[in-house]
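Reading the structure
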Amino acid sequence: ASISLISASNNGDSSIFFGDYANEDAGIIQYKNDNGGSDYMAISVNTSEAMRISHNGHVGIGMTSAPVGSDTCLSIYNSATPRIKLHNSTTGTASGDGGEINMSGSDFILENREAGNVRFFNNGAERFRVDSSGRFIVGNTSAFDSSSFCVDQSGLGQFRRDGTPLIIRRDGSDGGLIDFEKDGT
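The notes below deal with the structure included here. (Residues numbered from 1 in each chain as written. Predicted model: local features only at pLDDT ≥ 70, side-chain atom pairs only at ≥ 80, totals over all residues. Heavy atoms only, no water.)

1. Re the sheet that holds strand β9 (residues 107-112)
Taken together, the three strands give an open sheet; going across it, the order is β7-β8-β9, and neighbouring strands pair in antiparallel fashion. A single partner strand is all that each edge strand has here, and the edge strands are β7 (83-86) and β9. Mean inter-strand twist for the sheet, computed between neighbouring axes without regard to direction, equals 15°. In terms of strand pairing, strand β8 (residues 99-104) meets β9 through six bridges, oriented antiparallel. Along β9, the bridge assignment pairs glutamate 100 with glutamate 111. (Pairing = 2+ DSSP bridges. Helix = DSSP H or I, 4+ residues; strand = E, 2+ residues; numbered from the N terminus. Axes fitted to C-alpha atoms, helices over the stretch in contact; angles between N-to-C directions.)

What follows is the structure, given as C-alpha cells:
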C-alpha cells in the first residue's frame, strides 16, 4: 500500500500537514519540486522548519540548507551550542551520560562524559588516547608501559621503549636540541 501526493505542476510542492483545531499546520512534511534543479524535502515542527534534505543529499538540522560545496554533508546549527550526543546501554541516557561532539563559541569539543578513554584510530589501529585520568598516551593502550610516550596532567612525561635508546635528532642548525629548566629559567 502507498500514499501518493502529486503536485499539479512540475514546479510545485506536496505536503502532509499535522495539527489540531487551533493550528492545522503545526507539523509539516513537504517536498518542494522546482523542476529538477534544487528540489528538497523539509520537516517543520511547531510551524518552523527543523530539517531539510536537499536534492544533492545534504542534510541541514536547525538551518534551511547545509553550507557546503560538492561534498555530501550533515550540518547542525544552534545559536548557542550545537551537539551530537551518543549513548549506549553502558553509559545511560541522561543528559550527563555518554559522549558528544559540540561547538562552544569557536571551540570544537570532543567530550566523553564517562570515566573511560577517548581513543583515536587510523588505518585500522589505535594510534593514541587520552585516558580517564587525563594522560595523553601514544603508541600503546596504557600509560608508562614498556613502549609508549605518555604525559599526565601534572606534566610528568615519559618516552619509553624497551631495548631501544632515546634518540633526539635535529636536522639542520636552527636552534638548541634540549633545554633543561627549573622555575622557568
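Still more to cover.
2. A few points about the sheet that holds strand β3 (residues 40-45)
Within the open sheet, the six strands sit side by side as β1-β2-β3-β4-β5-β6. Their pairing is mixed. The open sheet is flanked by β1 (13-18) and β6 (74-76), the only strands paired with a single partner. Sheet twist, expressed as the mean angle between neighbouring strand axes with direction ignored, is 15°. Examined bridge by bridge, strand β2 (residues 27-32) and β3 share six bridges and lie antiparallel to one another. Among the inter-strand pairings, glutamine 30 is bridged to a residue of β3, identified as alanine 42.

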